[in-house]
Amino acid sequence: MTSQTHDRLLIIDFGSQVTQLIARRLRELNVYCEIHPYQKVDDAFLREMSPKAVILSGGPDSVTREGSPRAPQSLFEMGLPILGICYGQQVMMHQLGGKVESGHGTAEFGRAYVTPTGATLDILGGWFSEGREQVWMSHGDHVSEIAPGFEVYGTSPNAPYAITADASRHFYAVQFHPEVHHTPNGARLYENFVRMAGFEGDWTMGAYREEAIARIREQVGDKKVICGLSGGVDSSVTAILLHEAIGDQLTCVFVDHGLLRKNESDEVVAMFRDNYNIQLIHADETELFLGELDGQSDPETKRKIIGKLFIDVFQKHADTIEDAEFLAQGTLYPDVIESVSFSGGPSVTIKSHHNVGGLPEKMGLKLVEPLRELFKDEVRALGRELGLPQSFIGRHPFPGPGLAIRCPGEITRPKLDILREADAVYIDQIRKHGLYDEIWQAFVAILPVRTVGVMGDGRTYDYACALRAVTSVDGMTADYYPFSHEFLGETATRIINEVPGINRVTYDITSKPPGTIEWE
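Predicted, not measured: the structure shown is a model, and the values here were computed from it.

**Some remarks on the side chain of aspartate 13**
Of note, aspartate 13 is situated in strand β1 (residues 8–13). Arginine 372 is the oppositely charged side chain nearest to the buried, salt-bridge-free aspartate 13, at an N-O distance of 11 Å. Among the polar contacts made by the side chain of aspartate 13, one reaches the main-chain amide nitrogen of glycine 15 at a distance of 2.7 Å.

**Focus on the sheet that holds strand β13 (residues 250–256)**
Here we have five strands laid out as an open sheet, ordered β14-β13-β12-β15-β16, and parallel in their pairing. Either end of the sheet is taken by a strand with one partner, and the two such strands are β14 (279–284) and β16 (366–368). Going from strand to strand, the sheet's axes swing by 30° on average, the running direction of each strand aside. In this structure, β13 lies alongside β14, joined through six bridges in parallel fashion. Opposite valine 255, over in β14, you have alanine 283 as the bridge partner. Together, β12 (224–229), β15 (324–328) and β16 form the strand contacts of helix α5 (residues 205–220), whose direction differs from that of β16 by roughly 170°.

**Describing the environment of aspartate 122**
Here aspartate 122 lies in the loop between β6 (108–116) and β7 (133–139). The exposure class assigned to aspartate 122 is partly exposed, which follows from its relative accessible area of 37%. Taking the C-alpha atoms as reference, aspartate 122 lies 28 Å from proline 37; in sequence the two are 85 residues apart. There is a polar contact of 2.9 Å between the side chain of aspartate 122 and the side chain of tyrosine 172.

**Overview of the nonpolar core**
The biggest cluster of nonpolar side chains holds 91 residues, and the ones touching the most others in it are Leu382, Tyr426, Ile430 and Phe483. Every residue in contact with tyrosine 426, bar those within four places of it in the chain, is listed here: Ala442, Phe443, Val444, Leu467, Arg468, Ala469, Phe483, Phe487, Thr491 and Tyr507. By size, the runner-up hydrophobic cluster in this structure holds 36 residues, among which are Ala53, Val135, Val194 and Ala197.

**Some thoughts on the packing of α5 against helix α11 (residues 376–385)**
Here α5 crosses α11 at 80°, and the two axes come no closer than 9 Å. What the angle tells us is that α5 and α11 run roughly perpendicular. Facing Met205, Gly206, Tyr208 and Arg209 of α5, the residues of α11 in contact are Glu378, Ala381, Leu382 and Glu385.

**A word on the pattern of salt bridges**
Under the defined criterion, the tally for this structure stands at 30 salt bridges. As a salt-bridge pair, arginine 65 and aspartate 61 come within 2.7 Å of each other at their nearest N and O atoms. For glutamate 385, the salt bridge goes to arginine 209, with nearest N and O atoms at 3.9 Å. One end of the pair, glutamate 385, is in helix α11; the other, arginine 209, is in helix α5, with 176 residues separating them in the sequence. On the basis of relative accessibility, which here comes to 17%, the residue arginine 209 falls in the buried class. When salt bridges that share partners are traced, they join Arg24, Arg25, Glu28 and Asp377 into one network.

**Digging into the packing of helix α13 (residues 413–432) against helix α14 (residues 485–498)**
In the contact formed by α13 and α14, the axes pass within 10 Å of each other and the chain directions differ by 145°. In this structure, α13 meets α14 at a crossing whose hand is right-handed. Contact residues: α13 offers Ala422, Val425, Tyr426, Asp428, Gln429, Ile430 and Lys432, while α14 offers Phe487, Glu490, Thr491, Arg494, Ile495 and Glu498. A breakdown of the residues in the contact of α13 with α14 according to their chemical character gives six nonpolar, two polar and five charged.

**Examining the pairing of strand β2 (residues 32–37)**
Extensive coverage of β2 is indicated by the burial of six of its six residues. Taking every second residue as pointing to the same face, both faces of β2 are buried, with Tyr32, Glu34 and His36 on one and Cys33, Ile35 and Pro37 on the other. Relative to β2, β1 runs parallel, the two sharing six bridges. Looking across to β2, one finds that leucine 9 is bridged to cysteine 33. Taken together, β1, helix α1 (residues 19–28) and β2 constitute a β-α-β crossover, and its handedness is right-handed.

**Regarding helix α7 (residues 264–275)**
Between its first and last C-alpha atoms α7 spans 16 Å; for twelve residues at 1.5 Å apiece the expected length is 16 Å, and the two agree. For α7, every residue scored as buried is listed here: Glu264, Ser265, Val268, Val269 and Phe272. Around the axis of α7, the buried residues are gathered within 130° of arc, so they sit on the same side. More than 90 degrees from the buried face of α7, the exposed residues found are Asp266, Asp274 and Asn275.

**A short note on the packing of aromatic side chains**
With the rule as written, the count across this model stands at 14 aromatic pairs. Where tryptophan 203 meets tyrosine 208, the ring centres are 5.6 Å apart and the plane angle is 85°; that geometry is what we call edge-to-face. Note on tryptophan 203: relative accessible area 3%, which makes it buried. Its relative accessible area of 5% is what places tyrosine 208 among the buried residues. Taking 6.5 Å as the distance between ring centres and 80° as the angle between the ring planes, the aromatic pair formed by tyrosine 480 and tyrosine 507 counts as edge-to-face.

Parameters at a glance
- Residues numbered from 1 in each chain as written.
- Predicted model: local features only at pLDDT ≥ 70, side-chain atom pairs only at ≥ 80, totals over all residues.
- Heavy atoms only, no water.
- Helix = DSSP H or I, 4+ residues; strand = E, 2+ residues; numbered from the N terminus.
- Buried < 20%, exposed > 50% of the residue type's maximum accessible area, 1.4 Å probe, protein only.
- Lys, Arg positive; Asp, Glu negative; His and termini not counted.
- Salt bridge = Lys/Arg side-chain N within 4 Å of Asp/Glu carboxyl O.
- Polar contact = N/O pair within 3.5 Å; in protein donor to acceptor, adjacent residues only side chain to side chain.
- Pairing = 2+ DSSP bridges.
- Axes fitted to C-alpha atoms, helices over the stretch in contact; angles between N-to-C directions.
- Contact = heavy atoms within 4.5 Å.
- Core = buried A, V, L, I, M, F, W, Y, C linked by side-chain atoms within 4.5 Å.
- Parallel < 35°, antiparallel > 145°, perpendicular 65-115°, else oblique.
- Left-handed = near helix turned anticlockwise from the far one by under 90°.
- Nonpolar A, V, L, I, M, F, W, Y, C, P; charged D, E, K, R; others polar.
- Right-handed = clockwise from strand over helix to strand, strands pointing away.
- Expected span 1.5 Å × (residues − 1).
- Arc of directions from axis to C-beta.
- Phe/Tyr/Trp six-rings, centres within 6.5 Å; stacked < 30°, edge-to-face > 60°.

Below is the structure:
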């Protein structure tokens with residue numbers, strides 16, 4: 001838990017894949033919040049944390065199942081404002097004397113419209129427009145009887161209790177997910193809720209910076225820290241924040257795994273050695289990584305190999321640094337959420353990440369992860385707070401496993417070389433057309449197939465590639481970028497003409513979900 005200098009809002013995590021988006025909405029309002037799994041939140045925890053308000057998240061379980069997740073019953077006796085979302089609503093109803101049922105044709109998944117009942121409610125101020133409001137539903141169970149003291153303030157075709165509240169106790173419950181993009185006006189509900197709860201909105205990146213530095217100093221003491229540096233925004237902000245906190249106790253290790261973009265290795269080394277007085281070890285481990293990846297095509301296997309080798313390399317260099325006891329990583333909220341759920345809760349694993357998956361229990365180094373609770377846009381805000389130039393902060397995210405996960409199938413040096421050249425042309429095109437800052441992430445994936453083509457009077461049999469570009473706010477959901485056909489045609493022509501080895505270019509128009517941003 002952070003210092004007591006801020007009012008705190010507790011989010012009890014029941015395992016929803018989008019629980020962290022609740023935190024993001026609150027942070028946009030400068031409200032400090034913490035996500036904790038329901039298993040951890042007991043009476044003692046509530047007394048120690050002393051939150052000013054509580055939100056109960058959604059989740060995949062059913063309150064009708066024996067042994068399913070619950071909130072501490074004492075929570076409802078603390079006099080705190082509480083907002084229940086989806087499963088959180090059903091938990092509230094179940095524990096406070098209402099009824100929840102499964103089935104009966106009342107499941108809702110996707111867009112729905114909630115209409116008001118006409119009764120006024122403080123958290124609905126300014127929310128409804130034109131007599132109804134679009135929301136995002138994702139529930140199989142439904143509330144069949146509201147708890148005593150609650151009234152209905154909004155309904156949808158398949159959720160007669162879409163919005164309920166016991167206004168006298170400041171208990172609120174909604175069946176939909178106001179935190180997701182598909183509930184366009186959902187942020188207003190959170191804004192009204194925290195205003196009603198009395199939050200002052202005093203949590204900023206400036207405050208986070210000072211508190212993070214204090215936590216780093218408390219955790220590390222006078223020991224040495226080795227920081228894995230990829231050159232991306234996350235690891236760079238981590239390194240600069242650590243350097244500000246502990247100075248020469250920090251040594252950065254830049255691991256060149258042979259899976260970086262064109263010229264990236266030289267650019268990273270030059271930037272840190274020329275602009276920052278940070279001790280840097282440039283570890284060229286290309287042969288090691290590519291050797292271990294030889295013949296591997298399964299994406300999870302590739303990720304785990306890369307993750308293990310990263311740790312091995314860190315350990316090897318840590319052994320050369322006297323008193324090195326800590327390994328610093330630029331782990332973010334989405335990394336942890338997608339791996340195992342941020343807080344060890346019950347959400348489903350989507351894919352492992354090299355910086356959180358497969359860490360050996362006895363790796364010999366303790367972890368320092370100062371960005372672990374931040375979203376990508378918050379990391380950029382922290383970077384600006386630390387004085388990094390906007391041209392660097394605005395760089396598109398680049399995954400730790402690098403080009404390995406943009407090369408489906410087996411990885412070979414020739415395929416990596418082709419991929420680097422194609423990616424460089426694509427990004428150059430995006431910059432030339434002034435689109436770079438409109439796009440969250442853009443890259444090329446080289447496909448594990450060859451196709452027949454005609455160039456000049458000759459037949460070619462070369463690789464196909466896929467262009468990927470998405471817009472996103474937080475990386476948890478994403479839409480493909482709507483390039484013009486003229487842009488796509490021009491880019492395809494440049495790649496085929498300038499990159500030997502590619503004779504076909506496609507554009508990936510899959511959003512997230514159902515896809516992920518990266519191909520593997």
